[in-house]
Amino acid sequence: MTGEHWTEYSIGDGTLAIACVGEQWKPSNEGTSAAFEVENLEEAIARFEERKIAYDKVDSPVCRMAIIEDPDGNKLIIHKLKPEDETGVCK
């Protein structure tokens, strides 16, 4: 993805992604990140909002994401891949 490092593993009906994408996401004393694909991103985001959990919404070339941080600063990401016709990326 965009010349960076991104690996995805299928886990049952889901996906586990391990990434190092850009300077702002390198492991540091600010924490690391884990990403999980969800079936319905908007529904999952609604749960954050119901619980008043702060999040950042990101729209990448291949997916939409919501990023939260745990108390230690580790980034936890939920995402949904875009359909191929929206990305222009072959799978």
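What counts and how
- Residues numbered from 1 in each chain as written.
- Predicted model: local features only at pLDDT ≥ 70, side-chain atom pairs only at ≥ 80, totals over all residues.
- Heavy atoms only, no water.
- Helix = DSSP H or I, 4+ residues; strand = E, 2+ residues; numbered from the N terminus.
- Contact = heavy atoms within 4.5 Å.
- Pairing = 2+ DSSP bridges.
- Salt bridge = Lys/Arg side-chain N within 4 Å of Asp/Glu carboxyl O.
- Core = buried A, V, L, I, M, F, W, Y, C linked by side-chain atoms within 4.5 Å.
- Buried < 20%, exposed > 50% of the residue type's maximum accessible area, 1.4 Å probe, protein only.

Engineer: I'm lost on the environment of E37 in this one. Help?
Structural biologist: Assignment of secondary structure puts E37 in strand β3 (residues 33–37). It is 7.5 Å that separates the C-alpha atoms of E37 and L81, two residues lying 44 residues apart in sequence. Apart from residues no more than four positions distant in its own chain, E37 is found in contact with T15, H79, K80 and L81.

Engineer: Explain the pairing of strand β6 (residues 75–81) here, please?
Structural biologist: Within a regular beta strand, the side chains point alternately toward one face of the sheet and then the other, so they alternate between its two faces. Sheet analysis places β3 next to β6, joined by five bridges and oriented parallel. Across the sheet, the residue bridging to S33 is K75, located in β6. The pairing of strand β5 (residues 63–69) with β6 spans seven bridges and is classified as antiparallel. What sits directly across from R64, in β6, is K80. Where β5 folds back onto β6 in an antiparallel hairpin, the turn is made up of five residues, including G73, whose phi is positive at roughly 90 degrees.

Engineer: Explain the pattern of salt bridges here, please?
Structural biologist: If the charged atoms of two oppositely charged side chains come close together, the side chains can form a pair. Counted by the stated rule, this structure contains four salt bridges. Close ionic contact of K57 with E42 constitutes a salt bridge, the shortest N to O distance being 3.5 Å. Taken together, the residues span a long stretch of sequence, with K57 in strand β4 (residues 56–59) and E42 in helix α1 (residues 41–50) at a distance of 15 residues. Among the salt bridges present, the one from E50 reaches R51, with a minimum N-O distance of 4.0 Å.

Engineer: Is there a simple way to think about the nonpolar core in this case?
Structural biologist: Nonpolar side chains tend to gather and get buried jointly when the protein is soluble and globular. Ranked by size, the top nonpolar core spans seven residues in total: L41, A44, I45, F48, A66, I68 and I78. Counting residues per element, the ones that place at least two in this core are α1 and β5. Top contributing element to this core by residue count: α1, with four residues. Once you skip the residues sitting within four places of it in the chain, I68 turns out to touch F48, I53, A54, Y55, N74, K75 and L76. Counting six residues, the second-largest nonpolar core is a separate cluster that includes A17, A35, M65 and I67.

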